[in-house]
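For reference, the chains in residue letters:
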Amino acid sequence: MTRIAQALLPAAFGALVLTLWELAVRLNEIPPYILPGPLTIMAALWESGPELLQALSVTLEVTIAALILAAVTGAGIALLLAQSKLAEQTLFPYAVFLQVTPIVTVAPFVIIWVNNVFIVLLILAWMAAVFPIISNTLLGLKSADPNLKDLFRLYGASRGQTVLRLLAPSALPYFLGGLRISGGLALIGTVVAEMVAGTSGARSGLASRLLEASYRLELARALACFALLSAAGFILYIALDVLSRRLLRHWHESARPVESI
Amino acid sequence: MNDPAVVLAGVSKIFSTGTAALAATDLSIAEGSFTSVVGPSGCGKSTLLRLIAGLTPPTSGRIARAATATPLATGFVFQEATLMPWATTAENIALPLRLASVADAEVAARVSDAVARVGLGGFAAAYPRELSGGMKMRVSIARAIVNGPRLLLMDEPFAALDEFTRFKLNDDLLELWQRNRWTILFVTHSIREAVFLSERVVVMSPRPGRIVADLAVDLPPQRDAALRLGHAFADQCARVTSALGDAFLTQAAS
Ligand SMILES: Nc1ncnc2c1ncn2[C@@H]1O[C@H](COP(=O)(O)OP(=O)(O)OP(=O)(O)O)[C@@H](O)[C@H]1O
Ligand SMILES: [Mg+2]
C-alpha cells in the first residue's frame, strides 16, 4: 500500500461518518441544541475561529510547558531511581501514587495553595504526564547491554561517562515511547485542570470555553472546541512521533526506514 | 624469558547461585604469547576470561597481572560484537580512547589506523545495523586494539561466522599479533582454529572447569592457509582432540 492510500483511507472513513451524521440530523430534524450536524459545527468554528484559536494557544502553552517539565523531571527522577535498588524500592511506590491519583481530587488543594492560575494548571498537567516518562525511562536505563556495561567497567569509565555514553542512549527509545504517551496525557491533564479550576475571562483556555458554551446550550460551539482540542492532541502525537523517528533513525529498529527492510 | 603477563594461582569461581564454574586453577601466560583455551560448553572458559579481565572477583586464589597488562591496557572481545547501536563504526572503535579522555586529534588518528588495520576503510561512518556479522566482529576487534593493549582477551570471537570469514579473520589476527606481539588469550570451540592460531592450547574439563591438558603446538611460527591442509596440522589437531576426549572420559568416570 502506498503512502497516499495510507493517508486517504482514514480520511475517507472520516468523511463517510460525517456525511452519515449530517444526513441523520437532517432527516430526523434533530434541533441543533440537542445535536448539531457537522456543517453547523463547522460554521460555528468559522464564526469564532480567531477567538477559539487564541484560547487553544493558551491551552497548548500549558500543555507544552507541562510536557517539557515532565520530560526533564521524569528523566531525572528515573536516573535517580536507577542509581540503586534501594532508591527504587523506596521511592517508586510514590511515583505509582502520582499515577493512580486522579488529578481532579488533587486540584482543590493546589488551587488553594497556589494562586497563579498558570502554575496551578502546570502542576496538574505535569502530574498527569510524568509517570509514563519515569517508568519507561527507568526500564530503558535498566536494559542497557550487560556486556557493554562490562566494557565500560573494563575501561575505567566514570559514573558520568557511563550515564552519558551508555545509559542515556540505551534509555532514549524508551524515554521517547513514554514521551509519546505523555503528550496526550499532558493535554488531557490541562483540559481537566482548566475545567476544575474554572478559569474564565480573556486568558482562559479552550476547555473553559467548551464548558461555557455547553452551559449556554451552544452545542455547536462546544463541539467546535472539542474538535479543535482533539485535532491538537492528534497533531501533538504526530509531532512527537516524528521527533522520535528523527532521533532514532540511524539505529533503532522502531525507526528503520521502509526501504532498507 | 620475560615475566609472565598473567599468573593465576589456585583461582576458583563459585557463583552466588551455587554453580561451581571453575575449580582451583593454576595458569601462567607468557608475555607476547598466543594461547588458546578449548573446552566443552559451560566449562568456565568465559568465566576464566572475565576473572582475568577483573570483571568478576575470584572465590579463592590470586590473579597477578604484569604491570604492562593493567585493566586499562586490556582489550576484550566478546562472543557477540557488542557494539553501541547508536554509534558509528568510528565512534564505537573510539570508545576506549574517549573514556580515557584522549584528545580529539589523537583519537581520530588512532581510530583511522585501527579501521585500516581491520580492513574497514570506507565504513567508518556506517552504523552497526548497516554492517554484516563479520564486519561487526572486526569493529569489535578494532575497538579492542585501538588503545594499544598489552593483553587481548578474546571470547569465541569468530564462533558466529562462516568458515570463509573465519579463516580470513584468523589470518588477519595472526598478522596483527605477529606485528605487535600482544599477549593473546583466545577462547574457541574449534580445535582447528585453536591449533592454527596458537603456540599453546589449554584444554579444560567439563564443569567445574579444570585444566586437563596444556599442549605446546608443534608447528612453524609462520602460519598460512596451506598449513591447514598438511599432515603436521592434522596431527596437532588429533592431539588436542584426544586430550579433550580424555577430559570427558575422566569426567564420566568420576
Ligand atoms: N553470572 C553468572 N551467575 C551464575 N552462574 C553463571 C554466571 N555466569 C556463568 N555461570 C555458570 O558458570 C558456568 C560456566 O559458564 P561460562 O560462561 O564460563 O562457560 P563457557 O565455558 O564460556 O561456555 P560456552 O562455551 O558455552 O560459552 C555455567 O554453568 C554457567 O551456567
Ligand atoms: Mg562462553
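Residues numbered from 1 in each chain as written. Chains lettered and ligands numbered in written order. Predicted model: local features only at pLDDT ≥ 70, side-chain atom pairs only at ≥ 80, totals over all residues. Heavy atoms only, no water.

Caption draft 1: View of the nonpolar core. One finds Leu179 of chain A together with Leu48, Ile52, Phe76 and Leu153 of chain B to be the most contacted residues of the largest nonpolar core, which totals 75 residues. At 15 residues, helix α6 (residues 117–142) of chain A tops the list of elements feeding residues into this core. Look past the residues within four positions of Leu179 of chain A in its chain and what remains in contact with it is Leu67, Ala71, Ile133, Leu240 and Leu243 of chain A. Core analysis: the second largest hydrophobic core is formed by 54 residues, Val38, Phe196, Val203 and Leu227 of chain B among them. (Core = buried A, V, L, I, M, F, W, Y, C linked by side-chain atoms within 4.5 Å. Buried < 20%, exposed > 50% of the residue type's maximum accessible area, 1.4 Å probe, protein only. Helix = DSSP H or I, 4+ residues; strand = E, 2+ residues; numbered from the N terminus. Contact = heavy atoms within 4.5 Å.)

Caption draft 2: Just the interface of chain A and chain B, in detail. With 24 residues of chain A in contact, the opposing surface of chain B contributes 26 residues. Between chain A and chain B lies a buried interface of about 2,200 Å² when both sides are counted; carbon and sulfur atoms form 62% of it. Interface area lost by chain A to chain B is led by Leu154, Tyr155 and Trp251 of chain A, which between them contribute 34%. The interface formed by chain A and chain B contains one salt bridge. Salt-bridge contacts for Asp150 of chain A lead to Arg50 of chain B; the nearest nitrogen and oxygen are separated by 2.5 Å. Of all elements in the fold, only α7 (146–154) and α8 (159–197) of chain A reach the threshold of two or more residues within the side of chain A that touches chain B. Here the side of chain A that touches chain B takes seven residues from α7 of chain A, the largest share from any one element. When grouped by side-chain class, the residues that make up the side of chain A that touches chain B number eleven nonpolar, six polar and seven charged. (Buried area = accessible area lost by both parts, 1.4 Å probe. Salt bridge = Lys/Arg side-chain N within 4 Å of Asp/Glu carboxyl O. Nonpolar A, V, L, I, M, F, W, Y, C, P; charged D, E, K, R; others polar.)

Caption draft 3: Quick peek at the sheet that holds strand β4 (residues 60–65) of chain B. Residues and elements named next belong to chain B. Read across the open sheet, the three strands follow the order β2-β1-β4; overall the sheet is antiparallel. Edge positions in the sheet fall to β2 (20–30) and β4, since each has one partner strand and no second. Neighbour-to-neighbour, the strand axes of this sheet turn through a mean angle of 15°, independent of strand direction. Taken together, the seven bridges between strand β1 (residues 4–14) and β2 define a ladder with antiparallel strand orientation. Opposite Leu8, over in β2, you have Leu27 as the bridge partner. Along the sheet face, helix α1 (residues 45–53) touches β1, β2 and β4 and points at about 120° away from the line of β1. (Pairing = 2+ DSSP bridges. Axes fitted to C-alpha atoms, helices over the stretch in contact; angles between N-to-C directions.)

Caption draft 4: Quick look at the environment of Leu240 of chain A. All names here are of chain A. Examined against the element boundaries, Leu240 turns out to sit in helix α10 (residues 219–248). Residue classification places Leu240 among the buried positions, given a relative accessible area of 10%. Placed 63 residues apart in sequence, Leu240 and Gly177 show a C-alpha to C-alpha distance of 9.2 Å. If we ignore the near neighbours within four places in the chain, the residues touching Leu240 are Leu67, Leu179, Arg180 and Gly183.

Caption draft 5: Looking closely at the site of ligand 1. Residue and element names in this part refer to chain B. Residues in close proximity to ligand 1 total 15 residues, the closest being Ser41, Gly42, Lys45, Ser46 and Thr47. Cys43 places a main-chain nitrogen or oxygen 3.1 Å from an oxygen atom of ligand 1. A distance of 3.1 Å is found between an oxygen atom of ligand 1 and a side-chain nitrogen or oxygen belonging to Glu156. In the complex, 66% of the free accessible area of ligand 1, which totals 630 Å², lies under the protein chains. In terms of residue count, the dominant contributor to the shell around ligand 1 is α1 (three residues). Of the residues in the shell around ligand 1, the class split is three nonpolar, nine polar and three charged. (Near = heavy atom within 4 Å. Polar contact = N/O pair within 3.5 Å; in protein donor to acceptor, adjacent residues only side chain to side chain. Areas by Shrake-Rupley, 256 points an atom, 1.4 Å probe, with all protein chains shown as cover.)

Caption draft 6: View of the sheet that holds strand β6 (residues 151–155) of chain B. All names here are of chain B. Here six strands make up an open sheet; going across it, the order is β5-β6-β7-β3-β8-β9 and the pairing mixed. Strand pairing shows two members of the sheet lacking a second neighbour, β5 (74–77) and β9 (211–216), which therefore form its edges. Adjacent strand axes in the sheet meet at a mean angle of 15° when their direction is disregarded. Contacts between helix α4 (residues 133–145) and the sheet are confined to β5 and β6, with β5 contributing the most and set at about 165° to the helix.

Caption draft 7: Seen up close, the pattern of salt bridges. All told, the structure shown has 20 salt bridges over all chains when counted by the stated rule. One salt bridge in this structure joins Asp214 of chain B and Arg200 of chain B, with 2.7 Å as the shortest N-O distance. Taken as a pair, Asp214 of chain B in strand β9 and Arg200 of chain B in strand β8 (residues 200–204) lie far apart in primary sequence, 14 residues in all. It is possible to trace a salt-bridge network through shared partners that takes in Glu51, Arg209, Glu212, Arg216, Glu218 and Arg221 of chain A.

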